[in-house]
Structure formats: C-alpha cells, structure tokens
Amino acid sequence: MAFENLKTTLEKNGYTVSIFATGKEAANYLAGEVKGTTVGLGGSMTLKEMGVEELLKENNTVYWHWNTAADPKESLRQAMTTDVYLLSANAIAEDTGEILNIDGTGNRISSSLFGHRKVYIVAGKNKISPDYESALSRLRNVVSPKNAQRLGRKTPCAVNADKCYNCDSPERICRALVVFYKKIGSMDVEVVLIDEELGY
Ligand code: SF4
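A brief report on the enclosed structure follows. (Residues numbered from 1 in each chain as written. Predicted model: local features only at pLDDT ≥ 70, side-chain atom pairs only at ≥ 80, totals over all residues. Heavy atoms only, no water.)

### Some thoughts on the site of the ligand
Step number 1: By nearness alone, every residue bordering the ligand is listed as Arg 140, Ser 144, Thr 155, Cys 157, Cys 164, Tyr 165, Asn 166, Cys 167, Arg 172, Ile 173 and Cys 174.
Step number 2: Of the residues that constitute the shell around the ligand, the class distribution is 6 nonpolar, 3 polar and 2 charged. (Near = heavy atom within 4 Å. Nonpolar A, V, L, I, M, F, W, Y, C, P; charged D, E, K, R; others polar.)

Structure representation (structure tokens):
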C-alpha cells in the first residue's frame, strides 16, 4: 500500500495516520470526522483543490481567510479559536517523519502548534521528500517561489521563477519555519496522506 512505511514512521512520532487514494475521498472523510464543529482552515492550495471549504460548510462553521465573502482579517482571528484546524504540510521527510511548514503571516503555523482540540495535516504525494534536507530545499526552492508568484510578490524568486535567493525583500513571504520532529504535545494531530498530487 502507498505510504505504508511513512505511516509507520509517523505513528512512531505520535500521529494518527489515515491514507486515501484521492483528494475527494479524503475530503469526504474529513467532513464526516469534523461534522458539527467549528473549523479553521490554513491557507492551502491542497485544501482548495480538494474543495474542503465547500464540503465542510454544509455541516460546520468554517473560517477561512481565502473566503472572498468574509473579512480576511476577522476570518484569520476567528480561525485561531476553532475546535478543529486543517492545514497542509509543505513537506514531510520520508525517512524521519519530520513535518515542515514555512509561513509568512504566521496564522497557519501558530494553529499547528497550540489551541485546537484536533488538527489535521493533509499532504498529497508530491509533499513527500526523501529526507530533511530535500524537504527544506523543497520549501525554499519550490513552495515559497510558487506562493510568491501566486500572491504577485516582487521577490526575486517570483520574478525569476526559479529558486530561493534568501532575499531581504519587504515582500518576502518565508519568515518562519516550523519543523515537527514529533507530534506536538498539546493537541491531537492526525496526518492525512493522499496518493495524488495536490497543491505545491
Ligand atoms: S526568501 Fe525571498 S527569494 Fe527566497 S523563497 Fe522566500 S521570498 Fe523567495
């Protein structure tokens, strides 16, 4: 089965792990798991591509700053206090199960560290890197430049569309890195692995 070794590693690191063939199956699972709760969503192309917000809204109160009908600043604040928080991983090191996330605003990594009853970290197969070094390189040279481009930032990575320049730009989007060596101690955390390419 796909991800079987990684599942074992992540379970040793303290996580509950679930595996799905498609983003659609994973989204339906998550909708059933969190039904009736308040849910915050981190900015995530993976969750967007899975259609998670639309699905959860049927039976939950959902706060997401990417919801164009809501005030983004207020949504960010409200998402910090929900029962459940969903985010995606920027990369997972396959050999150690270390989970890496890089952030500019800080809402996503803050919520992955404290404050919710349960956190779900979602990752498509493209987020799995062989080890920590390749996972970190993925964050710096793939994830951040693509996000900088998506956000229209005037950073060298966005302008040149190739790699990280460790810039001093005021528009720099990578400002903090969180590495989970093990599951954080204060919260129930489940990793949802999906055998599809999702997000970037
Ligand atoms: S540090 Fe600057 S150049 Fe490097 S990925 Fe972040 S925004 Fe782009």
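### Overview of the nonpolar core
Step number 1: Judged by nonpolar contacts, the single largest core of 22 residues is most densely connected at Leu 10, Tyr 15, Ile 92, Ile 99 and Leu 193.
Step number 2: Counting residues per element, the ones that place at least two in this core are helix H1 (4-12), strand E4 (84-88), strand E7 (118-124), strand E9 (176-180) and strand E10 (188-194).
Step number 3: Beyond its immediate sequence surroundings of up to four residues, Tyr 15 is in contact with Leu 10, Ile 99, Phe 180, Lys 182, Lys 183, Val 189 and Val 191.
Step number 4: If you look at the next biggest cluster of nonpolar residues, it comprises 21 residues, including Ala 27, Val 39, Val 62 and Val 192. (Core = buried A, V, L, I, M, F, W, Y, C linked by side-chain atoms within 4.5 Å. Buried < 20%, exposed > 50% of the residue type's maximum accessible area, 1.4 Å probe, protein only. Helix = DSSP H or I, 4+ residues; strand = E, 2+ residues; numbered from the N terminus. Contact = heavy atoms within 4.5 Å.)

### Topic: the sheet that holds strand E1 (residues 16-20)
Step number 1: A sheet is described by the order of its strands in space; here 6 strands give the open sequence E1-E10-E7-E4-E2-E3, paired in parallel fashion. In the strand order of this sheet, the two ends are held by E1 and strand E3 (61-63), each with one partner. The sheet shows a mean angle of 20 degrees between the axes of neighbouring strands, direction not considered.
Step number 2: With 5 bridges joining them, E1 and E10 adopt parallel strand pairing. Considered in E10, the bridge of Val 17 is made with Val 191.
Step number 3: Seen against the sheet, helix H2 (residues 23-33) touches E1, E4, E7 and E10 and runs at an angle of roughly 155 degrees to E10. (Pairing = 2+ DSSP bridges. Axes fitted to C-alpha atoms, helices over the stretch in contact; angles between N-to-C directions.)

### Description of unusual backbone geometry
Both trends apply: most residues other than glycine have a negative phi, and most peptide bonds are in trans.
Step number 1: Backbone geometry places Ala 161, a non-glycine residue, at a positive phi of 55 degrees.
Step number 2: Relative to the assigned elements, Ala 161 resides in the loop between helix H8 (156-160) and E9.
Step number 3: The phi angle at Asn 166 is positive, at roughly 45 degrees, despite the residue not being glycine.
Step number 4: Note on placement: Asn 166 falls in the loop between H8 and E9.

### What to know about helix H7 (residues 132-150)
Step number 1: In this model, H7 (19 residues) spans 25 Å end to end at C-alpha, consistent with the 27 Å of a helix rising 1.5 Å per residue.
Step number 2: A maximum bend of about 35 degrees is found in H7 at Leu 139.
Step number 3: Each element contacted by the buried residues of H7 is listed here: strand E5 (91-93), strand E6 (99-103), strand E8 (128-129), H8 and E9.
Step number 4: Gly 152 sits one or two residues past H7 and shows a positive phi near 70 degrees. (Expected span 1.5 Å × (residues − 1). Bend = angle between axes of the 7 residues up to and from the residue.)

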